[in-house]
Amino acid sequence: MSGNARTSREKWGGNIGFILAAAGSAVGLGNVWRFPFITGQNGGGAFVLVYLLCVLLIGLPIMICETTVGRWAQSDPIGAFGKIEPTPGRRTRTVAVLLFLSAAALLVCRHYGQGAILMILSLTLAVRGWRIIGYFSALVPLVILSYYGTVGGWTIAYFFKGLAHSLNFTTTEGAAEVFHSVEAIPGVSVSYQLGFMSLCAVTIWFGVRQGIELVSKLLLPLLFLLLVVLIIRSVTLPNSGEGIRFLLYPDFGKLSAEGILLAMGHAFFSLSVGLGLLTAYGSYLDADKNILTNSLIIVTLDTGIALLSGLVIFPALFSVGMPIDQGPKLVFQIMPIIFNSIGGSFGWFWSSSFFLLLTIAALTSGISLLEVTVCCLVDHFHFKRRSATVLAAAVISAIGVLCSISFDDWSRLPALQRAITFLFGGAKGSMFDMADKLSSSYLLPIGGLVISLFIGWGWGTDNVVRQLPAHPAAADTPEPSLAARLFWGIAIRVVAPAAIIIVFLHTIGWL
Ligand code: TRP
């Protein structure tokens, strides 16, 4: 057992528990809802290829950094990153000064919102050091889970509608009407969103082993079973080959700079990396587990399930000749039409199975997002787990209500729109769009960049590599080989951060 371990800390019951919980977090709406619709909007195969490269070159190394720090520190992300550098050193203070100067410049140029945020960051960094990554872990779920909860609510609504045979439309107009009856009526969308949040909160209330681990162990196998049944249905449709070709054949002409940023952001989003979630999950992991093998399994499961979901959706879309670039509504509006036209009187069965799959995927991920905030409140701010759960769920649900009532535009939140326009110079789309884009295209990649730089250059990649095998602190554990140190050293210090920076520069047109 590592000398740092505190025995009172709750732990996963076993390795399978950890893998299923982490995979449950990774496999979510990102795989079944977001991956198909952004692949549809960005031209298919080439986008998928860039996504896979981002998963391997950026996602995997950062996942390993996050998990190793958590297990080593045996504490929430705030405590864990604080433990690496308890008081800000010279380099940290230099970074803080640079950030402060940039903040001042932004304020002078009247970028008030960005300037104020950077100013707060620079001051926090100067005083609290790299615990700042942990604060980020505690706060970013507020943004992600607010809109995630909205979609999670829709999945539950659609599951019940499927069972009640009310997804029996066969035209896009009929589909739009049903979607509208869920999304556009605040009473309905907010109730389902709160229902979804309550399910997440109840699970977290019961703790790591009796809550998260138990729910993941029950639901993930069911998710897999549903997926297999749906794939068999989809790929045996006439003309399904075209959909498979769309998903797998890269046509680089269809890939834009924006598409590359989306693919990278989605790699973070889908693997649940970039905000320290795996630091929290890793902190519940015992010393006798191998982090490298576990990470490889989680990445394979997550990527596999995204591709398999593509195999459910695209063959069906192409077979029935439905549009593929419908955005967030894609799976909600188009999939029931397809199930009705191929399933005959069993359409309701396929639709409710599909939305049950989506609900399960959303739940296990929503649970993990809530857990990061709760973990920080418990360890760092000494809350009781149950009060932390209620507080975090209440705050997130309140922000989520704003996303629920503003899926299409800002018309229900004019004051907020004006405030955001004043602070940030514009407020495109809606609160929902903003939360989605801000979290996956910016917050997670920036979080990942800071984590890889701080872990790579601050903590040192040798510490990461030493934590990879089981029993890292045991006397008979061999020192890591030179090859392993070089490989992970380069991946964490150079490849991951450079790739993130290149994608950002490419997006703003500097490359
Ligand atoms: N990975 C989840 C999905 O694909 C979303 C998610 C859950 C997440 N927990 C996270 C994303 C933590 C980033 C960080 O739907």
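The structure under discussion appears in the preceding block.
Now for a quick tour of the structure. From a predicted model like this one, the values you see are computed outputs, not experimental measurements. (Residues numbered from 1 in each chain as written. Predicted model: local features only at pLDDT ≥ 70, side-chain atom pairs only at ≥ 80, totals over all residues. Heavy atoms only, no water.)

Moving on, we come to the overall build of the chain. Helix and strand counts for the chain stand at 20 helices and 0 strands. Taking 24 Å as the expected radius of gyration for a compact globule of 511 residues, we find that the chain reaches 22 Å, a close match to that expectation. Taking the principal axes of its C-alpha atoms as reference, the chain extends roughly 65 × 55 × 50 Å. Relative to its full complement of 511 residues, the chain shows a buried share of 56%. (Helix = DSSP H or I, 4+ residues; strand = E, 2+ residues; numbered from the N terminus. Rg over C-alpha atoms; globule rule 2.2 N^0.38 Å. Buried < 20%, exposed > 50% of the residue type's maximum accessible area, 1.4 Å probe, protein only.)

Moving on: the pattern of salt bridges. Going through the model one piece at a time under the given rule, you end up with 10 salt bridges. Where D286 meets K11, a salt bridge forms, and the shortest distance between an N and an O atom there is 3.2 Å. Placement of the pair is D286 in the loop between α13 (277-283) and α14 (291-320) and K11 in the segment before α1 (15-26), with a sequence separation of 275 residues. Where R466 meets E479, a salt bridge forms, and the shortest distance between an N and an O atom there is 3.5 Å. With R466 in helix α19 (residues 431-467) and E479 in the loop between α19 and α20 (482-507), this residue pair connects regions lying 13 residues apart in the sequence. (Salt bridge = Lys/Arg side-chain N within 4 Å of Asp/Glu carboxyl O.)

Moving on, we get to the packing of aromatic side chains. Applying the stated criterion across every chain yields a total of 30 aromatic pairs. Residues Y112 and F422 carry aromatic rings whose centres are separated by 5.4 Å and whose planes lie at 20° to one another, so their mutual orientation is stacked. One end of the pair, Y112, is in helix α6 (residues 112-128); the other, F422, is in helix α18 (residues 414-424), and 310 residues separate them in sequence. Its relative accessible area of 31% is what places Y112 among the partly exposed residues. Look at W348 and F349: their rings are 6.1 Å apart centre to centre, the planes differ by 85°, and that puts the pair in the edge-to-face class. Of the aromatic side chains, those joined through ring pairs into one cluster are Y147, W154, Y158, F179, F332, F339, F354, F355, F407 and F432. Here the basic side chain of R493 rests over the ring of W457, its NZ or CZ set 4.3 Å away from the ring centre. (Phe/Tyr/Trp six-rings, centres within 6.5 Å; stacked < 30°, edge-to-face > 60°. Lys NZ or Arg CZ within 6 Å of the ring centre and 35° of its normal.)

A word on unusual backbone geometry. Its identity as a non-glycine residue notwithstanding, H165 has a phi of 60°, on the positive side. Within the fold, H165 resides in the loop between α7 (131-163) and α8 (172-183). The phi dihedral of H382 falls on the positive side, at around 60°, and the residue is not glycine. Tracing the chain through its elements places H382 in the loop between α16 (347-379) and α17 (385-404).

Surveying the vicinity of the ligand reveals 15 residues, the closest of which are A26, G30, Y148, F269 and S272. Within the side chain of N31, one N or O atom sits 3.4 Å away from an oxygen atom of the ligand. Measuring from a nitrogen atom of the ligand, one finds a backbone N or O atom of F269 at 2.7 Å. Out of a free accessible area of 360 Å², the ligand has 100% covered by protein chains. Listed by contribution, the elements that provide at least two residues to the shell around the ligand are α1, α2 (29-41), α12 (257-271) and α16. (Near = heavy atom within 4 Å. Polar contact = N/O pair within 3.5 Å; in protein donor to acceptor, adjacent residues only side chain to side chain. Areas by Shrake-Rupley, 256 points an atom, 1.4 Å probe, with all protein chains shown as cover.)

This next bit is on a nonpolar patch on the surface. Residues L53, L56, L57, L453, W457, L482, L486, I490, V494 and V495 make up a contiguous nonpolar surface patch of about 910 Å² in total accessible area. Sorting the residues of the nonpolar patch by element identifies α3 (45-73), α19 and α20 as the ones contributing at least two each. Of the residues forming the nonpolar patch, the biggest block, 5 residues, is contributed by α20. For V494, the position within the fold is in helix α20. (Patch = residues over 30% accessible without salt bridge, like charges linked within 9 Å, V, L, I, M, F, W, Y side chains within 5 Å.)

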